[in-house]
Amino acid sequence: MRSFEGVAESPLSMALNLTLQGEKDNVTLKEGNYGSRFYGWLFECHGFWYNVALIIPSALFLLYLGFQARKSFTKLTHGRSYIMISYYGCLWLVSLLNLAWCCLQAWECTPEKAVAWNVLSLFTTSGMLFLEVSLVAFLLQGNYASGLEALTRTFVVSGLIVGLDLLLKIVIYLFGFGVPLFIDNNDQSHRVKWGLWVVHKLVLTAVYGFILFMYHSKWRERLPARPAFYKYIIIMCCLNALALFACGLTGNGANFGFWLYGLTMIFYHALYLPLLYITFLADFFQEEDLHLENVYYSEMKDAGFFDADWE
(Lines give C-alpha, C1' and ligand atoms only; values in the text may rest on other atoms or scores of the structure.)
Protein backbone atom coordinates (compact mmCIF):
# COMPACT_ATOMS: atom_id res chain seq x y z
CA MET A 1 0.00 0.00 0.00
CA ARG A 2 2.80 2.44 0.88
CA SER A 3 4.59 1.62 -2.34
CA PHE A 4 1.43 2.35 -4.28
CA GLU A 5 1.00 5.73 -2.57
CA GLY A 6 4.62 6.58 -3.31
CA VAL A 7 4.13 5.79 -6.97
CA ALA A 8 0.94 7.83 -7.07
CA GLU A 9 2.50 10.86 -5.38
CA SER A 10 5.82 10.88 -7.21
CA PRO A 11 4.58 12.57 -10.44
CA LEU A 12 2.87 15.34 -8.42
CA SER A 13 5.92 15.96 -6.29
CA MET A 14 8.12 16.00 -9.35
CA ALA A 15 5.85 18.55 -11.02
CA LEU A 16 5.92 20.77 -7.93
CA ASN A 17 9.68 20.54 -7.73
CA LEU A 18 10.01 21.45 -11.40
CA THR A 19 7.66 24.42 -10.94
CA LEU A 20 9.55 25.70 -7.91
CA GLN A 21 12.87 25.24 -9.67
CA GLY A 22 11.55 27.10 -12.72
CA GLU A 23 10.40 30.00 -10.55
CA LYS A 24 13.80 30.16 -8.87
CA ASP A 25 15.50 30.18 -12.26
CA ASN A 26 13.22 32.99 -13.47
CA VAL A 27 13.95 35.07 -10.37
CA THR A 28 17.68 34.48 -10.81
CA LEU A 29 17.43 35.39 -14.49
CA LYS A 30 15.52 38.58 -13.74
CA GLU A 31 18.04 39.58 -11.08
CA GLY A 32 20.82 38.93 -13.55
CA ASN A 33 19.08 41.05 -16.19
CA TYR A 34 18.56 43.91 -13.75
CA GLY A 35 22.18 43.70 -12.68
CA SER A 36 23.44 43.73 -16.25
CA ARG A 37 21.13 46.63 -17.14
CA PHE A 38 22.32 48.65 -14.17
CA TYR A 39 25.93 47.92 -15.05
CA GLY A 40 25.33 48.91 -18.66
CA TRP A 41 23.48 52.08 -17.62
CA LEU A 42 26.21 53.25 -15.27
CA PHE A 43 29.48 51.94 -16.69
CA GLU A 44 29.08 51.43 -20.44
CA CYS A 45 28.64 53.96 -23.27
CA HIS A 46 30.55 57.03 -21.98
CA GLY A 47 31.82 55.46 -18.76
CA PHE A 48 31.23 55.75 -15.03
CA TRP A 49 32.90 59.10 -14.31
CA TYR A 50 31.20 60.79 -17.27
CA ASN A 51 27.77 59.71 -16.00
CA VAL A 52 28.57 60.69 -12.41
CA ALA A 53 29.83 64.12 -13.50
CA LEU A 54 26.55 64.72 -15.32
CA ILE A 55 24.03 63.20 -12.92
CA ILE A 56 25.20 64.43 -9.50
CA PRO A 57 25.31 68.21 -10.22
CA SER A 58 22.02 68.07 -12.15
CA ALA A 59 20.29 66.13 -9.38
CA LEU A 60 21.67 68.40 -6.65
CA PHE A 61 20.50 71.53 -8.47
CA LEU A 62 17.01 70.08 -8.92
CA LEU A 63 16.91 69.19 -5.22
CA TYR A 64 17.93 72.75 -4.40
CA LEU A 65 15.11 74.10 -6.56
CA GLY A 66 12.72 71.76 -4.80
CA PHE A 67 13.80 72.87 -1.30
CA GLN A 68 13.52 76.53 -2.32
CA ALA A 69 10.28 76.13 -4.31
CA ARG A 70 7.83 77.35 -1.67
CA LYS A 71 9.93 80.36 -0.69
CA SER A 72 10.66 81.21 -4.33
CA PHE A 73 6.99 80.99 -5.29
CA THR A 74 6.08 83.39 -2.49
CA LYS A 75 8.68 85.90 -3.60
CA LEU A 76 7.68 85.61 -7.25
CA THR A 77 4.00 86.19 -6.55
CA HIS A 78 4.87 89.12 -4.29
CA GLY A 79 7.20 90.65 -6.87
CA ARG A 80 4.69 90.21 -9.72
CA SER A 81 7.38 90.14 -12.37
CA TYR A 82 5.97 88.31 -15.40
CA ILE A 83 9.45 87.70 -16.79
CA MET A 84 10.78 86.20 -13.58
CA ILE A 85 7.72 83.98 -13.08
CA SER A 86 7.89 82.68 -16.65
CA TYR A 87 11.63 82.22 -16.53
CA TYR A 88 11.42 80.33 -13.23
CA GLY A 89 8.81 77.98 -14.70
CA CYS A 90 10.95 77.39 -17.79
CA LEU A 91 13.96 76.71 -15.57
CA TRP A 92 12.04 74.00 -13.71
CA LEU A 93 10.91 72.32 -16.93
CA VAL A 94 14.35 72.40 -18.54
CA SER A 95 16.00 71.17 -15.33
CA LEU A 96 13.74 68.10 -15.32
CA LEU A 97 14.48 67.42 -18.98
CA ASN A 98 18.20 67.88 -18.41
CA LEU A 99 18.23 65.47 -15.46
CA ALA A 100 16.42 62.87 -17.58
CA TRP A 101 18.96 63.43 -20.37
CA CYS A 102 21.85 62.97 -17.93
CA CYS A 103 20.38 59.80 -16.40
CA LEU A 104 19.53 58.14 -19.72
CA GLN A 105 22.95 58.34 -21.37
CA ALA A 106 22.83 54.59 -22.03
CA TRP A 107 20.11 55.21 -24.65
CA GLU A 108 22.71 56.85 -26.85
CA CYS A 109 24.55 53.54 -27.22
CA THR A 110 21.39 51.42 -27.59
CA PRO A 111 20.18 51.12 -31.23
CA GLU A 112 16.63 50.28 -30.07
CA LYS A 113 16.46 53.59 -28.17
CA ALA A 114 17.92 55.76 -30.93
CA VAL A 115 14.64 57.52 -31.75
CA ALA A 116 13.77 58.12 -28.08
CA TRP A 117 17.28 59.41 -27.39
CA ASN A 118 17.15 61.84 -30.30
CA VAL A 119 13.73 63.15 -29.25
CA LEU A 120 14.89 63.61 -25.64
CA SER A 121 18.12 65.30 -26.77
CA LEU A 122 16.21 67.52 -29.18
CA PHE A 123 13.84 68.86 -26.54
CA THR A 124 16.53 69.15 -23.86
CA THR A 125 18.98 71.11 -26.02
CA SER A 126 16.17 73.28 -27.42
CA GLY A 127 14.95 74.09 -23.91
CA MET A 128 18.44 75.07 -22.76
CA LEU A 129 18.96 77.13 -25.91
CA PHE A 130 15.65 78.89 -25.23
CA LEU A 131 16.90 79.91 -21.79
CA GLU A 132 20.16 81.12 -23.31
CA VAL A 133 18.54 83.17 -26.05
CA SER A 134 15.84 84.64 -23.80
CA LEU A 135 18.47 85.78 -21.29
CA VAL A 136 20.50 87.41 -24.08
CA ALA A 137 17.34 89.05 -25.47
CA PHE A 138 16.52 90.35 -22.02
CA LEU A 139 20.09 91.58 -21.61
CA LEU A 140 19.91 93.59 -24.81
CA GLN A 141 16.82 95.42 -23.55
CA GLY A 142 19.13 97.07 -21.04
CA ASN A 143 16.91 97.07 -17.94
CA TYR A 144 14.97 94.96 -15.50
CA ALA A 145 11.65 95.32 -17.26
CA SER A 146 8.83 93.34 -15.72
CA GLY A 147 5.79 94.16 -17.83
CA LEU A 148 3.91 92.04 -20.30
CA GLU A 149 5.38 93.97 -23.21
CA ALA A 150 8.97 93.10 -22.19
CA LEU A 151 7.96 89.48 -21.61
CA THR A 152 6.33 89.31 -25.03
CA ARG A 153 9.35 90.79 -26.79
CA THR A 154 11.75 88.46 -25.00
CA PHE A 155 9.78 85.27 -25.59
CA VAL A 156 8.84 86.07 -29.18
CA VAL A 157 12.46 86.60 -30.16
CA SER A 158 13.57 83.51 -28.26
CA GLY A 159 10.74 81.39 -29.66
CA LEU A 160 11.51 82.38 -33.26
CA ILE A 161 15.22 81.62 -32.97
CA VAL A 162 14.77 78.34 -31.10
CA GLY A 163 11.91 77.33 -33.41
CA LEU A 164 14.13 77.86 -36.45
CA ASP A 165 16.93 75.88 -34.82
CA LEU A 166 14.50 73.09 -33.89
CA LEU A 167 13.05 72.99 -37.39
CA LEU A 168 16.49 72.72 -38.98
CA LYS A 169 17.49 69.89 -36.64
CA ILE A 170 14.26 67.98 -37.27
CA VAL A 171 14.51 68.38 -41.04
CA ILE A 172 18.19 67.39 -41.04
CA TYR A 173 17.71 64.38 -38.79
CA LEU A 174 14.27 63.05 -39.74
CA PHE A 175 13.59 64.11 -43.30
CA GLY A 176 16.92 65.18 -44.73
CA PHE A 177 20.31 63.55 -44.67
CA GLY A 178 19.80 61.38 -41.58
CA VAL A 179 22.68 63.02 -39.75
CA PRO A 180 23.03 61.58 -36.19
CA LEU A 181 23.37 64.93 -34.46
CA PHE A 182 23.00 63.54 -30.95
CA ILE A 183 24.97 60.30 -31.30
CA ASP A 184 28.47 61.32 -30.21
CA ASN A 185 31.34 59.25 -31.58
CA ASN A 186 34.60 59.87 -33.39
CA ASP A 187 33.40 58.27 -36.63
CA GLN A 188 34.96 59.91 -39.67
CA SER A 189 31.90 59.11 -41.82
CA HIS A 190 29.90 61.85 -40.06
CA ARG A 191 32.03 64.91 -40.74
CA VAL A 192 28.86 66.75 -41.85
CA LYS A 193 27.53 66.48 -38.30
CA TRP A 194 30.62 68.10 -36.83
CA GLY A 195 30.46 70.77 -39.49
CA LEU A 196 26.91 71.60 -38.40
CA TRP A 197 27.97 71.78 -34.77
CA VAL A 198 30.86 74.07 -35.78
CA VAL A 199 28.34 76.47 -37.36
CA HIS A 200 26.09 76.26 -34.29
CA LYS A 201 28.90 76.99 -31.83
CA LEU A 202 30.32 79.69 -34.09
CA VAL A 203 27.04 81.61 -34.04
CA LEU A 204 26.78 81.41 -30.26
CA THR A 205 30.41 82.42 -29.80
CA ALA A 206 29.90 85.40 -32.12
CA VAL A 207 26.80 86.55 -30.20
CA TYR A 208 28.50 86.35 -26.80
CA GLY A 209 31.62 87.94 -28.25
CA PHE A 210 29.55 90.84 -29.60
CA ILE A 211 27.92 91.43 -26.20
CA LEU A 212 31.35 91.27 -24.59
CA PHE A 213 32.52 93.87 -27.08
CA MET A 214 29.55 96.08 -26.15
CA TYR A 215 30.71 96.08 -22.54
CA HIS A 216 33.96 97.73 -23.67
CA SER A 217 32.44 100.20 -26.14
CA LYS A 218 30.29 103.31 -26.11
CA TRP A 219 27.16 101.08 -26.08
CA ARG A 220 27.98 99.86 -22.60
CA GLU A 221 25.19 101.96 -21.07
CA ARG A 222 22.60 99.89 -22.93
CA LEU A 223 23.52 96.83 -20.89
CA PRO A 224 22.70 96.17 -17.21
CA ALA A 225 25.41 97.49 -14.90
CA ARG A 226 25.70 94.22 -13.00
CA PRO A 227 28.99 92.30 -12.60
CA ALA A 228 27.11 88.97 -12.62
CA PHE A 229 25.93 89.56 -16.19
CA TYR A 230 29.41 90.45 -17.33
CA LYS A 231 30.89 87.30 -15.75
CA TYR A 232 28.12 85.21 -17.30
CA ILE A 233 28.92 86.54 -20.78
CA ILE A 234 32.65 85.83 -20.34
CA ILE A 235 31.99 82.26 -19.16
CA MET A 236 29.56 81.47 -22.00
CA CYS A 237 31.82 83.03 -24.63
CA CYS A 238 34.79 80.96 -23.43
CA LEU A 239 32.72 77.76 -23.19
CA ASN A 240 31.29 78.12 -26.70
CA ALA A 241 34.69 79.04 -28.12
CA LEU A 242 36.15 75.91 -26.50
CA ALA A 243 33.29 73.78 -27.89
CA LEU A 244 33.84 75.36 -31.33
CA PHE A 245 37.52 74.42 -31.20
CA ALA A 246 36.65 70.88 -30.06
CA CYS A 247 34.11 70.35 -32.86
CA GLY A 248 36.63 71.57 -35.43
CA LEU A 249 39.28 69.17 -34.16
CA THR A 250 36.84 66.24 -34.01
CA GLY A 251 35.63 66.90 -37.54
CA ASN A 252 39.24 66.58 -38.70
CA GLY A 253 39.74 63.26 -36.89
CA ALA A 254 41.57 64.38 -33.75
CA ASN A 255 40.84 62.17 -30.74
CA PHE A 256 41.74 65.00 -28.39
CA GLY A 257 38.98 67.09 -29.95
CA PHE A 258 36.38 64.42 -29.17
CA TRP A 259 37.59 64.24 -25.56
CA LEU A 260 37.48 68.02 -25.29
CA TYR A 261 33.98 68.10 -26.75
CA GLY A 262 32.82 65.61 -24.11
CA LEU A 263 34.31 67.83 -21.42
CA THR A 264 32.41 70.87 -22.71
CA MET A 265 29.20 68.80 -22.73
CA ILE A 266 29.74 67.97 -19.06
CA PHE A 267 30.30 71.62 -18.18
CA TYR A 268 27.24 72.72 -20.15
CA HIS A 269 24.69 70.15 -18.95
CA ALA A 270 25.96 69.94 -15.37
CA LEU A 271 26.76 73.58 -14.58
CA TYR A 272 24.91 75.86 -17.00
CA LEU A 273 21.54 75.84 -15.23
CA PRO A 274 23.06 76.64 -11.80
CA LEU A 275 25.06 79.43 -13.46
CA LEU A 276 21.86 80.76 -15.03
CA TYR A 277 20.09 80.70 -11.68
CA ILE A 278 22.92 82.54 -9.92
CA THR A 279 23.15 85.13 -12.68
CA PHE A 280 19.51 85.86 -13.33
CA LEU A 281 17.30 84.72 -10.45
CA ALA A 282 19.41 84.75 -7.28
CA ASP A 283 19.73 88.56 -7.24
CA PHE A 284 15.99 88.92 -7.78
CA PHE A 285 15.19 86.66 -4.82
CA GLN A 286 17.75 88.48 -2.65
CA GLU A 287 16.22 91.84 -3.55
CA GLU A 288 12.79 90.47 -2.69
CA ASP A 289 14.13 89.36 0.71
CA LEU A 290 15.34 92.90 1.43
CA HIS A 291 12.07 94.34 0.17
CA LEU A 292 10.03 92.02 2.39
CA GLU A 293 12.19 92.89 5.40
CA ASN A 294 11.57 96.59 4.78
CA VAL A 295 7.84 95.96 4.47
CA TYR A 296 7.74 93.98 7.72
CA TYR A 297 9.80 96.65 9.48
CA SER A 298 7.44 99.40 8.27
CA GLU A 299 4.39 97.44 9.41
CA MET A 300 5.89 96.82 12.84
CA LYS A 301 6.92 100.46 13.13
CA ASP A 302 3.41 101.62 12.26
CA ALA A 303 2.03 99.24 14.88
CA GLY A 304 4.21 100.88 17.54
CA PHE A 305 6.61 98.03 18.26
CA PHE A 306 9.63 100.39 18.34
CA ASP A 307 8.14 103.23 20.36
CA ALA A 308 9.83 102.00 23.53
CA ASP A 309 13.24 102.31 21.89
CA TRP A 310 12.71 106.01 21.31
CA GLU A 311 11.63 106.54 24.90
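Everything quoted here is computed from the prediction, not taken from an experiment.

With that settled, the discussion passes to the overall build of the chain. From N to C terminus, the chain includes 10 helices and 0 strands. When the helices and strands of the chain are placed in sequence order, the string is α-α-α-α-α-α-α-α-α-α. A total of 311 residues make up the chain; the buried ones form 37% of that total. At a minimum sequence separation of 6, the contacts of the chain that also span at least 24 residues come to 74%. Carbon and sulfur atoms make up 68% of the accessible area of the chain, which amounts to about 18,400 Å² in all.

Turning next to the packing of helix α5 (residues 114–141) against helix α7 (residues 191–215). Two elements in contact, α5 and α7, have axes whose closest approach is 12 Å; the angle formed by their N-to-C orientations is 25°. The angle between the axes of α5 and α7 places the two elements in the roughly parallel class. Seen from above, α5 lies across α7 with left-handed handedness. Contact with α5, carried on its side by L129, E132, V136, L139 and L140, involves H200, L204, V207, Y208, I211, M214 and Y215 of α7 and no other residues of that element. Across the contact of α5 with α7, the residue classes break down as 10 nonpolar, 1 polar and 1 charged.

Attention now moves to the pattern of salt bridges. According to the stated counting rule, one finds 1 salt bridge in the structure shown. Two residues, K169 and D165, come together in a salt bridge whose shortest N-O distance is 3.1 Å. One end of the pair is K169 and the other is D165, both in helix α6 (residues 148–175) and 4 residues apart, which spans about a single turn. D165 sits in the buried class, given a relative accessible area of 12%.

We now examine helix α4 (residues 82–103). Taking 1.5 Å of rise per residue, the 22 residues of α4 would be expected to cover 32 Å, and the 32 Å separating its terminal C-alpha atoms lies within 8% of that figure. Here α4 has its buried residues at I83, M84, Y87, Y88, C90, L91, V94, S95, N98, L99, W101 and C102.

Another aspect to go through is empty space enclosed by the protein. Counted according to the given criterion, the structure contains 3 cavities of 30 Å³ or more. Contributing to the lining of the largest cavity are 23 residues, with T125, W197, K201, M265 and H269 lying nearest its centre. When residues of the lining of the largest cavity are traced back to their parent elements, those giving at least two are α5, α6, α7 and α9 (255–302). Here the lining of the largest cavity gets 5 residues from one element, more than from any other, and that element is α5. Split by residue class, the lining of the largest cavity holds 11 nonpolar, 6 polar and 6 charged. Quantified by volume, the second largest cavity comes out at close to 90 Å³. Every residue along the wall of the second largest cavity is listed here: E132, K201, L204, M236, L239, N240, A243, T264, M265 and Y268. Looking at the lining of the second largest cavity, the elements with two or more residues in it are α7, α8 (227–251) and α9. With 4 residues, the top contributor of residues to the lining of the second largest cavity is α8. Of the residues assigned to the lining of the second largest cavity, the class counts are 6 nonpolar, 2 polar and 2 charged.

Let us now look at the nonpolar core. One recurring pattern in soluble globular proteins: nonpolar side chains tend to sit buried together. Ranked by internal contacts, the top residues of the largest apolar core, which has 44 residues, are L91, Y232 and F280. Only α2 (48–67), α4, α5, α7, α8 and α9 provide two or more residues apiece to this core. Per-element accounting of this core gives the leading share, 10 residues, to α9. Setting aside anything within four residues of it in sequence, one finds Y232 in contact with E132, L135, Y208, Y272, L275, L276 and T279. Of all hydrophobic cores here, the second largest spans 21 residues; its members include W101, W117, V179 and L181.

Cut-off values and rules
Residues numbered from 1 in each chain as written. Predicted model: local features only at pLDDT ≥ 70, side-chain atom pairs only at ≥ 80, totals over all residues. Heavy atoms only, no water. Helix = DSSP H or I, 4+ residues; strand = E, 2+ residues; numbered from the N terminus. Buried < 20%, exposed > 50% of the residue type's maximum accessible area, 1.4 Å probe, protein only. Contact = heavy atoms within 4.5 Å. Areas by Shrake-Rupley, 256 points an atom, 1.4 Å probe, with all protein chains shown as cover. Axes fitted to C-alpha atoms, helices over the stretch in contact; angles between N-to-C directions. Parallel < 35°, antiparallel > 145°, perpendicular 65-115°, else oblique. Left-handed = near helix turned anticlockwise from the far one by under 90°. Nonpolar A, V, L, I, M, F, W, Y, C, P; charged D, E, K, R; others polar. Salt bridge = Lys/Arg side-chain N within 4 Å of Asp/Glu carboxyl O. Expected span 1.5 Å × (residues − 1). 1 Å grid on protein atoms, 1.4 Å probe; cavity = no way out; pocket = protein on both sides within 12 Å on 5 of 7 lines; lining within 4 Å. Points joined across faces, edges and corners; volume = space filled by probe spheres on them. Core = buried A, V, L, I, M, F, W, Y, C linked by side-chain atoms within 4.5 Å.

As far as function goes, none of this settles anything; it's purely spatial.
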